[in-house]
Amino acid sequence: MMIPVKRLLFALAAFAGLSLAKTLVIPIQGTIDGPLAVFLDRSLDRAEKEGASGVVLMIDTPGGRVDAAIKMSDRILATPIPTMAVVQNAFSAGALISLSAEQVYMLPGSEIGAALPITITPIINQIGAADRKVISALRAKFRAVAEARKRPANVVEAMVDPDIEIPKLTTKGEPLTLSAQKAVELKVADAGVASLREALEKAGFDPNSEEVIPGPQVEVARFLTSPTVAAVLLAVGVLGLVLEFFTPGTFVPATIGLIALGLYFAGGFLAGLSGTLQLILFFAGLLLILVELFVTPGFGFMGGMGIALLIASIYLTFGAESLTVGAYAILLMVAGLVLMFRLFPRTRIGKGLVLESAIDDSASSKSGLESLLGAIGTALTDLHPAGVARFGERRVDVVTQGEYISKNEAVRVIQVEGVRVVVRRES
C-alpha cells in the first residue's frame, strides 16, 4: 500500500522532531451569505500567512446567496493551499463551494446538489425558479468549477438545470441531488468517510488540526444583514429622522433613528457588503428627499435623485436581496407613518414629544380658530411647511402654502379650514 507523500513528510518531520504547520478546519454552516464569505476569505488569508499544510471545509448548509457562493468558490480555487471539503449537507450554493475544493469527502447520510437558483417575491413570500438567464449563468459557473477540479461536468450541471436529463440518473424537471454513495460512484466526490479524522487520513492531510471559530463579529454581521432585520433597521432609522423634523428640539426620534441606521450600516461593514460609497449615497439621497419635502415642496428633480441614490445604496449593499430589503422597509415605513401621524400624537408619550399647543378645547373648535383669520403673529419654529406660531398668548399649529418661513419671522393667518390654520410671511 502506497503512503501518500504528505503523510510520509509529516512522519519524517515528527521523527526528526520538527513542527510543521497544522491543518486548518473552516466550518461552512448555515445559510450562505456575505458575512460567511468574508469569514472564509479571512480564514484562508490566515492559512496562507501561517503556511498551513491544508484547509478543510466542513460543509453543512441548505444554500443561500448565489453571489456570496461565487465569491467563496473563486477564493477557494485561488488559494495555493491544498483544500478538502467534508460534506454533511451541501445543497444549492453549498454544492458549488464543496466542488471548488481539490478533494471532496462525503459523511454518512450526506447529500450534495439541488442547486437550482430560486427567487423569492417579497411580502407575499412566493418562491419560484429563477429565469433561464440566471440558470444558464450559474450552470456555466458549475461547469467551469467541475472542469477545474476534473469532475464530470454534465452531472454537475444537472444539479443546476432541471432541463438536463441524464439516463438512469435524473428526471427532467428536477435538479439533481446525489447521495453520498452515488456522488462517489459518479466521481463527483472522492470517497465516503465516517469522520473528519478518516478524511484527513485518506487525503494525506496533517492530522494535527485546528478549527477556525467564526466569532461574535461574524454572528452579529449575519444577524444585522439578514433581510428582515436590515429592513426593520432601515425603516426605523428613516422614520426616526422624519419624526425629528416634526418634533424639533426633542432629539429622541433622531437618536433612535441614528442608532438604527448605525446598526444597519455596521452590519454591512462587518459583513464586507458596504463601505464609504454606500454610506455617502444613502445620506445624500436622504438629504435630497428631505430638501424636496421641506424646503422646496412638490416632487421634482431632487426628490427623484434622492430616491435613486437610496435605491443604489441598498442595491450595492444587498445585491440580489435588495428587492426584499427595500420592499419590507417600505412596508414598515408606510405603517410607521400612519402610526406616527394618526395614533402616536394621541398617546401620553407622543404628547410629551410633540410641541403642545396652548389652545384649549374651546379654542380648538371651529369658531375659536376662525377668530384667528387675519391675525398677525410670530413663528416659534421654522415652518417647512408645518410648525408652530404664537398669536398673542396663543400657540397654534400652522402650515404654509409651501414657502419656508424661518423662526421669529412675522406671519399672518390667511385661511382657516377646520383645525388647519394656513399662514404666510407678513411683509
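The residue count restarts for each chain, going from 1 along the sequence in the order it is written. Reporting in this predicted model follows two pLDDT cut-offs: at least 70 for local features of residues, and 80 or more for side-chain atom pairs to be given and counted; totals over whole chains, interfaces and linings ignore these cut-offs and use all residues. No hydrogens and no water enter the side-chain calculation; it runs on all heavy atoms of the structure.

Peer 1: I keep staring at the side chain of Ser-92 and nothing clicks. Help me out?
Peer 2: Tracing the backbone through its elements, the reader meets Ser-92 in the loop between β3 (83-91) and α4 (93-99). Contact definition: two residues touch when any of their heavy atoms are within 4.5 Å. If we skip the residues at most four places from it in the chain, Ser-92 touches Pro-62, Gly-63, Gly-113, Ala-114, Ala-115 and Phe-142. Each helix is a run of H or I in the DSSP string that is no shorter than four residues. Each strand is a run of E no shorter than two, and both are numbered from the N terminus.

Peer 1: Can you help me understand the packing of aromatic side chains in this one?
Peer 2: When we look at a pair of aromatic rings, we describe it by the centre distance and by the angle of the planes. Pairing of aromatic side chains here covers Phe, Tyr and the six-membered ring of Trp, requires ring centres within 6.5 Å, and sorts the geometry by plane angle: under 30 degrees stacked, over 60 edge-to-face, intermediate tilted. This structure, assessed with the given rule, holds five aromatic pairs. The interplanar angle of 40 degrees and the centroid separation of 6.3 Å between the aromatic rings of Tyr-264 and Phe-282 together place this pair among those described as tilted. Here the residue Tyr-264 occupies a position in helix α11 (residues 252-271), and Phe-282 occupies one in helix α12 (residues 276-294), the gap between them amounting to 18 residues. Through pairs of rings, three or more aromatic residues link up here, namely Tyr-264, Phe-265, Phe-282 and Phe-283.

Peer 1: Teacher, can you tell me more about the pattern of salt bridges here?
Peer 2: Oppositely charged side chains can form a pair if their charged atoms are brought close together. Only one rule defines a salt bridge in this text: a Lys or Arg side-chain nitrogen within 4 Å of an Asp or Glu carboxyl oxygen. All told, the structure shown has 22 salt bridges when counted by the stated rule. For Glu-157, the salt bridge is made with Arg-139, and the minimal N-O distance between the two is 2.8 Å. Residue Glu-157 is located in helix α6 (residues 153-158), and its partner Arg-139 is located in helix α5 (residues 132-148); the two are separated by 18 residues in the primary sequence. The shortest N-O distance in the salt bridge between Arg-425 and Glu-409 comes to 2.6 Å.

Peer 1: Honestly, a nonpolar patch on the surface in this entry has me stumped. Any pointers?
Peer 2: Patch definition: residues with relative accessible area over 30% and no salt bridge; like charges joined within 9 Å; nonpolar side chains (Val, Leu, Ile, Met, Phe, Trp, Tyr) joined within 5 Å. Per-residue and other accessible areas were derived by the Shrake-Rupley procedure at a 1.4 Å probe size, with only the shown protein chains allowed to occlude residues. A surface patch of nonpolar side chains, about 350 Å² in accessible area, is lined by Val-232, Val-236, Val-252, Ile-256 and Leu-332. Broken down by secondary-structure element, the contributors of at least two residues to the nonpolar patch are α10 (227-246) and α11. Structurally, the position occupied by Ile-256 is in helix α11. Each residue is assigned to one of three classes by its accessible area relative to the maximum for its type, calculated with a 1.4 Å probe on protein chains only: buried under 20%, partly exposed between the two thresholds, exposed over 50%. Note on Ile-256: relative accessible area 46%, which makes it partly exposed.

Peer 1: Would you take a moment to explain the sheet that holds strand β14 (residues 420-425) for this structure?
Peer 2: Sheets are built from strands paired through backbone hydrogen bonds, the pairs being either parallel or antiparallel. Two strands form a pair only when DSSP identifies at least two bridges running between them. Spatial strand order, β10-β11-β12-β14-β13: five strands in a closed barrel with mixed pairing. Each strand axis lies, on average, 55 degrees off the axis of its neighbour in the sheet, ignoring direction. Both strand β10 (residues 376-379) and strand β13 (residues 410-417) contribute to a ladder of three bridges, which runs antiparallel. Paired with Gly-377 across the two strands is Val-411, which belongs to β13. Only the contacting stretch of a helix is used when fitting its axis, a line to C-alpha atoms as for every element, and angles between N-to-C directions run 0 to 180 degrees.

Peer 1: Would you take a moment to explain unusual backbone geometry for this structure?
Peer 2: Negative phi characterises most residues that are not glycine, and trans characterises most peptide bonds. With a phi close to 60 degrees, Lys-150 is a non-glycine residue in the positive phi region. On the basis of relative accessibility, which here comes to 73%, the residue Lys-150 falls in the exposed class. In the Ramachandran plot, Lys-168 falls in the positive-phi region, its phi being about 65 degrees despite a non-glycine side chain. Position of Lys-168 relative to the elements: it lies in the loop between α6 and β7 (177-179). Judged by its relative accessible area of 88%, Lys-168 falls in the exposed class.

Peer 1: Help me understand the confidence of the model for the chain, please; the structure alone is not making it clear to me.
Peer 2: When pLDDT drops low, the exact placement of atoms in the prediction is not to be read closely. As a per-residue measure, pLDDT tells how confident the predictor is, with possible values from 0 to 100. Taken over all residues, the pLDDT of the chain has a mean of 82, while the share at 70 or more is 83%. Overall, residues 10-20 carries pLDDT values under 50, and its contacts beyond four positions in sequence, including any with other chains, amount to 10 contacts. Considering only residues more than four positions removed or in separate chains, one finds that residues 355-367, a stretch of pLDDT under 50, has 23 contacts.

Peer 1: Whenever I open this one, α11 confuses me. Can you help?
Peer 2: What sets the pattern is the α-helix's 3.6 residues per turn: residues three or four places apart point alike. Compared with an ideal rise of 1.5 Å per residue, which puts 20 residues at 28 Å, α11 spans 29 Å between its outermost C-alpha atoms and is within 8% of the ideal. For α11, the set of buried residues is Pro-253, Ala-254, Gly-257, Ala-260, Leu-261, Tyr-264, Phe-265, Gly-267, Gly-268 and Ala-271. On an axial view of α11, the arc spanned by its buried residues comes to 160 degrees, and they lie on one face. Gly-272 lies just past α11 and shows a positive phi near 75 degrees. Here a helix's expected span is defined as the number of its residues, less one, multiplied by 1.5 Å. The arc in question is formed by the directions pointing from the helix axis toward the C-beta atoms.

Peer 1: Looking at this model, I keep getting lost on the environment of Arg-425. Mind explaining?
Peer 2: By the element assignment, Arg-425 lies in strand β14. Arg-425 sits in the partly exposed class, given a relative accessible area of 33%. With near-sequence residues (within four places) excluded, Arg-425 lies in contact with Glu-403, Tyr-404, Ile-405, Glu-409 and Ala-410. As used in this structure description, the phrase polar contact means that two N or O atoms lie within 3.5 Å; if the pair is within protein, one of them must be able to donate a hydrogen and the other to accept it, and residues adjacent in sequence are counted only when both atoms belong to side chains. Side-chain polar atoms of Arg-425 contact the backbone oxygen of Tyr-404, separated by 2.7 Å. Polar contacts involving the side chain of Arg-425 include one to the side chain of Glu-409, which spans 2.6 Å.

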